[in-house]
Amino acid sequence: MSAVTEATVESATPVLEGVDLVKEFAGRTSLFGRASSKVRAVDGVTLRLHAGRTLGLVGESGSGKSTVGRLLLRLLDVTGGEVHLGADDVTRARGRDLNQARRAMQMVFQDPYSSLNPTMRIGDIIGEPVTFHRGLKGAELDAEVDRLLISVGLSPEHARRFPDEMSGGQRQRVAIARALAPDPKILVCDEAVSALDISIQSQILNLLLKLQREFGVAILFVSHDLSVVRHVSHEIAVMYLGQIVEFGPADRVADSPAHPYTAALLSAVPEAKPSHRRARQKVVLRGDPPSPSRRPAGCPFASRCPAAFEPCHETRPEHTPVNGGGTAACHLQTQGPKLGGRSLPIELLRARPDEAPSAAD
Ligand SMILES: Nc1ncnc2c1ncn2[C@@H]1O[C@H](COP(=O)(O)OP(=O)(O)O)[C@@H](O)[C@H]1O
Ligand SMILES: [Mg+2]
């Protein structure tokens, strides 16, 4: 895509926007009846989805990705921040307004086994939202179900089957057809291929790309797997402990990460091409992320970062521009050894010799 087109897309009104989203969950009550402190699962996340574009949201389990997805879809109420659907502020929409908003935003979940009602025929699973949101009945409804089945690579004959008569990949196609049934503007795919075999994964990813070209939906693609995310995303946002630590064009983020956490996620991904495999060196991540109920004062990643230096433990880094596009929230970018917006030299990220190797191995 040319630079001009990119700029146009950037300035166009997003179809869905989350501004400074915060979500706190009440801490669980302990054995002795004392309430533990609140869990801040999402801590000031801003992101925008554009028609016909995919934003990848990647991070380890527990980083807050699913919570962001559920806040955007208004399946959860925000603690702070706003959700805008086009020009409408839907943060506190209720009743009919909320129903209308939900029609525009659909979700595809990880597990196609538990997300489809086993007692319903495929035709009814897909037909229900068509009738509910668009009022189609009878022959019109049947024709629409057939069209949806065909668009996800199934055939009209599948309408009579039950979910347990289909494979995992076929069920995920049904889940996608059901999500597309209300004719949504936005699709949130939360670990949508993570439960599938590798060969089936790529079929489903290609299907999503095809459907996006056909229908122009904006996609938020949530996954812990950066190699999967980069395959389908135009932009990537990297989450750590409830915050976005890096954002930018998918190729820039995946080829030249500016945040040590992104580099660590990348080195955990097995590389298919041997030439790439040699070039990539392992970044060792020590320990677990801090608990979301006990956030550090400085950079959330400082306790595990192989390149951390003094300011990282004291001051939270701001997002600053990275060469090649996007931003990273990392002190190395501004006060480190003169990176000046460049991506990280790998030497900086190798484990220090006095540290024991761990998790990412
Ligand atoms: N309903 C809930 N009640 C309490 N804590 C929750 C709830 N949902 C998520 N969390 C916590 O919020 C954090 C982020 O979870 P989640 O959004 O599911 O992360 P991810 O999708 O990246 O794995 C985790 O610490 C998780 O335990
Ligand atoms: Mg999740």
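The structure reproduced in this document is the subject of the present report.

About the cut-offs
What you see as residue numbers is a count from 1 along each chain, following the sequence as written. Chains carry letters and ligands carry numbers; both start at the beginning, A for chains and 1 for ligands, and go up in the order they are written. Since the coordinates come from a predicted model, pLDDT governs what is reported: local features require at least 70, and pairs of side-chain atoms require 80 or more to be given and counted, while whole-chain, interface and lining totals use all residues. Hydrogen atoms and water are omitted, and side-chain values are computed over all heavy atoms in the structure. Simply put, an axis is a line fit to the C-alpha atoms, just over the touching stretch for a helix, and the angle between two N-to-C directions goes from 0 to 180 degrees. Only DSSP runs of H or I covering at least 4 residues are called helices, and only runs of E covering at least 2 are called strands; the numbering of each starts at the N terminus. Roughly parallel here means an angle under 35 degrees, roughly antiparallel means over 145, roughly perpendicular means 65 to 115, and every remaining angle is called oblique. Left-handed describes a crossing whose near helix is turned anticlockwise from the far helix through less than a right angle; right-handed describes the clockwise counterpart. Here a residue-residue contact requires only that any non-hydrogen atoms of the pair lie within 4.5 Å. Note that Gly is not counted as nonpolar here; it falls among the polar residues with everything else outside the nonpolar set of Ala, Val, Leu, Ile, Met, Phe, Trp, Tyr, Cys and Pro and the charged set of Asp, Glu, Lys and Arg. When DSSP finds two or more bridges between two strands, those strands count as paired. Within this analysis, patches are made of residues with over 30% relative accessible area and no salt bridge. Like charges are joined at 9 Å or less; nonpolar side chains (Val, Leu, Ile, Met, Phe, Trp, Tyr) at 5 Å or less. To measure how exposed things are, a 1.4 Å probe is used in the Shrake-Rupley method; for residues, cover is taken only from the protein chains shown. Each reported salt bridge corresponds to a side-chain nitrogen of Lys or Arg within 4 Å of a carboxyl oxygen of Asp or Glu. Just so you know, the count uses Lys and Arg for positive and Asp and Glu for negative, and it drops His and the chain ends. Working definition for charges: the position is that of NZ of Lys, CZ of Arg, CG of Asp or CD of Glu.

### Some remarks on the packing of helix α4 (residues 122-134) against helix α6 (residues 168-180)
And then number 1: The contact between α4 and α6 brings their axes to 7 Å, and the two run at 25°. Our classification of the angle between α4 and α6 gives roughly parallel. Considering the relative orientation of α4 and α6, their crossing is right-handed. Here I122, I125, I126 and P129 of α4 lie close against α6, whose contacting residues are V174, A177 and R178.
And then number 2: Grouping the amino acids of the contact of α4 with α6 by side-chain chemistry returns six nonpolar, no polar and one charged.

### A word on the sheet that holds strand β10 (residues 243-249)
Think of a sheet as strands paired side by side through backbone hydrogen bonds, with each pair either parallel or antiparallel.
And then number 1: Across the sheet, eight strands lie side by side as β6-β7-β8-β3-β9-β10-β12-β11; this open sheet has mixed pairing. Bordering the open sheet on either side are β6 (105-108) and β11 (319-321), each of which pairs with just one other strand. On average, each strand axis in the sheet is inclined to that of its neighbour by 20°, with strand direction left out of account.
And then number 2: Where strand β3 (residues 54-58) lies against strand β8 (residues 218-223), five bridges are found, and the strand directions are parallel.

### Description of the sheet that holds strand β2 (residues 39-49)
And then number 1: On the basis of which strands lie adjacent, the open sheet formed by four strands has the order β2-β1-β4-β5 and antiparallel pairing. Only two strands of the sheet have a single neighbouring strand rather than two, namely β2 and β5 (88-89).
And then number 2: Relative to strand β4 (residues 80-85), strand β1 (residues 16-25) is paired through five bridges, and the arrangement is antiparallel. Directly across from V22, in β4, lies its bridge partner G80.

### Structural notes on a negative patch on the surface
And then number 1: On the surface, E82, D88, D89 and D97 cluster together into a patch of negative charge.
And then number 2: Along the chain, D97 falls in helix α3 (residues 95-104).

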